[in-house]
Amino acid sequence: MKDQILELRRKIEEVTRTTKEKSKKINYVDFNGNLKRLNSDSNFVIYGRRGSGKTTLLIQSFETSYKTLPIYIQCELYKEHTYPNLLINILKQILQQSLSSFKIKDKLFNYTLLSEIKLKIKELKSLMEKPDDYEIAFDDKEKVTSLRKLGLSHSGIEAGTNSKISLEKSKSYTFKQKKIEYLNHNLDEFRDILDQINKKLKYSKINLYLDDFYHLNFDDQPFIADYILRLCKDIKIYFKITTIKHRSNLYSRDINRKIRGIQESAEHSSINLDFSL
């Protein structure tokens, strides 16, 4: 009897704190129809204490979504990263996992799209190495053409044929740019790439799974959520976020009353896995 109790205790401890790989071996029992809701074409935030089954539910959705490109990001890996590097890493992960979804025939028929994805990944990697504020230098060359006559007459008056002389003026410029400006300016390009992946690889949608979102810096969370919302807006991409309620900061207003983040009921639905006595 004692051995059976110890074995039960061991199994409970194993599933209390699970991972993506462990979750695949767990038979998820869906009492409240949460899995069907999560697999729908909607944005969701899943709340629950540690061990409540957030990751297990997420991975079950990952494994059972039909004709869907699932992209899974474990946010705990980036808990030491600061904004906007945090967002750069998330975008890089999204594109890299999208790239790995291309089969051999997809690569042959979608060479242009493949090249665009690789170029964006390269740009993001390069951006990671820069400081948050960096300088861009470039040269602007201007070609100046003048018309003059060659040859002089005996009286000293210009005569002869006309000749063009071209000169180049070079000016150097430098200006400062912020990383977040690059991300905002390229938002439409990221959206277009993901939309093309959906259409050309014949997926019905992309599910973006952000697990353990509460590990991210508390003050940065609304900015990350806000960018993810804009990335998914009006195209077939749906975010599924797991987090802990009291450690979440998904919606805020700045001093100018500007909204950042995602608001419940307006931008997402919620699933609560916490049960009180």
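Here, the structure is the one placed above.
Every value quoted in this text rests on a predicted model; they were computed, and no experiment measured them.

Draft legend 1. Spatial organisation of the overall build of the protein chain. On a plain count of helices and strands, the protein chain comes out with ten helices and nine strands. The buried share of the protein chain, taken over its 277 residues, is 41%. Expressed as a percentage of contacts within the protein chain between residues at least 6 apart in sequence, the contacts between residues at least 24 apart total 76%. Surface exposure of the protein chain reaches about 17200 Å², of which carbon and sulfur atoms provide 52%.

Draft legend 2. Quick look at the sheet that holds strand β2 (residues 68-74). Strands sit in the order β2-β5-β6-β1-β9 across an open sheet of five strands; the sheet is parallel. Among the strands making up the open sheet, the edge pair consists of β2 and β9 (269-272). If you compare each strand with its neighbour and ignore which way they point, the axes differ by 15° on average. Where strand β5 (residues 205-211) meets strand β6 (residues 237-243), five bridges bridge the pair, whose relative direction is parallel. Across the sheet, the residue bridging to N207 is Y238, located in β6. This element, helix α5 (residues 85-100), spans β2 and β5 of the sheet and lies at about 140° to β2. Together, β5 and β6 form the strand contacts of helix α10 (residues 221-232), whose direction differs from that of β6 by roughly 155°.

Draft legend 3. Structural context of the side chain of R191. One can find R191 in helix α9 (residues 187-200). In this structure, R191 is in contact with R230, L231, C232, K233 and I235, ignoring residues within four places of it in sequence.

Draft legend 4. Highlighting unusual backbone geometry. Going from Y83 to P84, the amide bond is cis rather than trans, its omega being 10°. Positive phi values are uncommon outside glycine, yet K67 reaches one of about 50°. Of the residues examined, K67 reaches a relative accessible area of 44% and is grouped as partly exposed. For D212, which is not glycine, the phi torsion reads 55° and is therefore positive. In this structure, D212 sits in the loop between β5 and α10.

Draft legend 5. Inspection of the packing of α5 against α9 at higher detail. Between α5 and α9, the shortest axis-to-axis distance is 11 Å and the interhelical angle comes to 25°. The angle between the axes of α5 and α9 places the two elements in the roughly parallel class. In this structure, α5 meets α9 at a crossing whose hand is left-handed. Across the interface between the two elements, L91, I94, L95 and S98 from α5 touch F190, I193, L194 and I197 from α9.

Draft legend 6. Broad picture of a nonpolar patch on the surface. Taken together, the side chains of I104, L108 and F109 make up a nonpolar region of the molecular surface, amounting to roughly 430 Å² of accessible area. Here F109 shows up in helix α6 (residues 104-109). F109 gets classed as exposed once you look at its relative accessible area, which sits at 70%.

Draft legend 7. Representation of the pairing of β5. Counting buried residues along β5, seven of its seven residues qualify, which places the element largely inside the surrounding structure. The alternating pattern of β5 places K205, N207, Y209 and D211 on one face and I206, L208 and L210 on the opposite face, and all of these are buried. Of the pairings in the sheet, the one linking β2 to β5 comprises seven bridges and is parallel in character. Counterpart to I73 in the pairing with β5 is L210. In terms of handedness, the path from β5 via α10 over to β6 forms a crossover that is right-handed.

Draft legend 8. Local environment of the packing of aromatic side chains. Within this structure, the stated rule accounts for three aromatic pairs. Seen in terms of ring centroids, F62 and Y209 are 5.8 Å apart; in terms of plane orientation they differ by 55°. Their pairing is tilted. In this pair, F62 sits in helix α4 (residues 54-64) while Y209 sits in strand β5, placing the two residues 147 residues apart along the sequence. According to the relative accessible area criterion, F62 is buried, its value standing at 16%. Given the relative accessible area of 0%, Y209 is considered buried. Measuring from ring centre to ring centre gives 5.5 Å for Y83 and F223, while their planes differ by 40°; the resulting arrangement is tilted. In this pair, Y83 is assigned in the loop between β2 and α5 and F223 in helix α10, connecting sequence segments 140 residues apart. Directly above the aromatic system of F190 lies the positively charged group of K120, at a separation of 5.8 Å from the ring centroid. The positively charged end of K245 is found above the aromatic ring belonging to Y47, 4.1 Å away from the centroid.

What counts, and at which threshold
- Residues numbered from 1 in each chain as written.
- Predicted model: local features only at pLDDT ≥ 70, side-chain atom pairs only at ≥ 80, totals over all residues.
- Heavy atoms only, no water.
- Helix = DSSP H or I, 4+ residues; strand = E, 2+ residues; numbered from the N terminus.
- Buried < 20%, exposed > 50% of the residue type's maximum accessible area, 1.4 Å probe, protein only.
- Contact = heavy atoms within 4.5 Å.
- Areas by Shrake-Rupley, 256 points an atom, 1.4 Å probe, with all protein chains shown as cover.
- Pairing = 2+ DSSP bridges.
- Axes fitted to C-alpha atoms, helices over the stretch in contact; angles between N-to-C directions.
- Parallel < 35°, antiparallel > 145°, perpendicular 65-115°, else oblique.
- Left-handed = near helix turned anticlockwise from the far one by under 90°.
- Patch = residues over 30% accessible without salt bridge, like charges linked within 9 Å, V, L, I, M, F, W, Y side chains within 5 Å.
- Salt bridge = Lys/Arg side-chain N within 4 Å of Asp/Glu carboxyl O.
- Right-handed = clockwise from strand over helix to strand, strands pointing away.
- Phe/Tyr/Trp six-rings, centres within 6.5 Å; stacked < 30°, edge-to-face > 60°.
- Lys NZ or Arg CZ within 6 Å of the ring centre and 35° of its normal.

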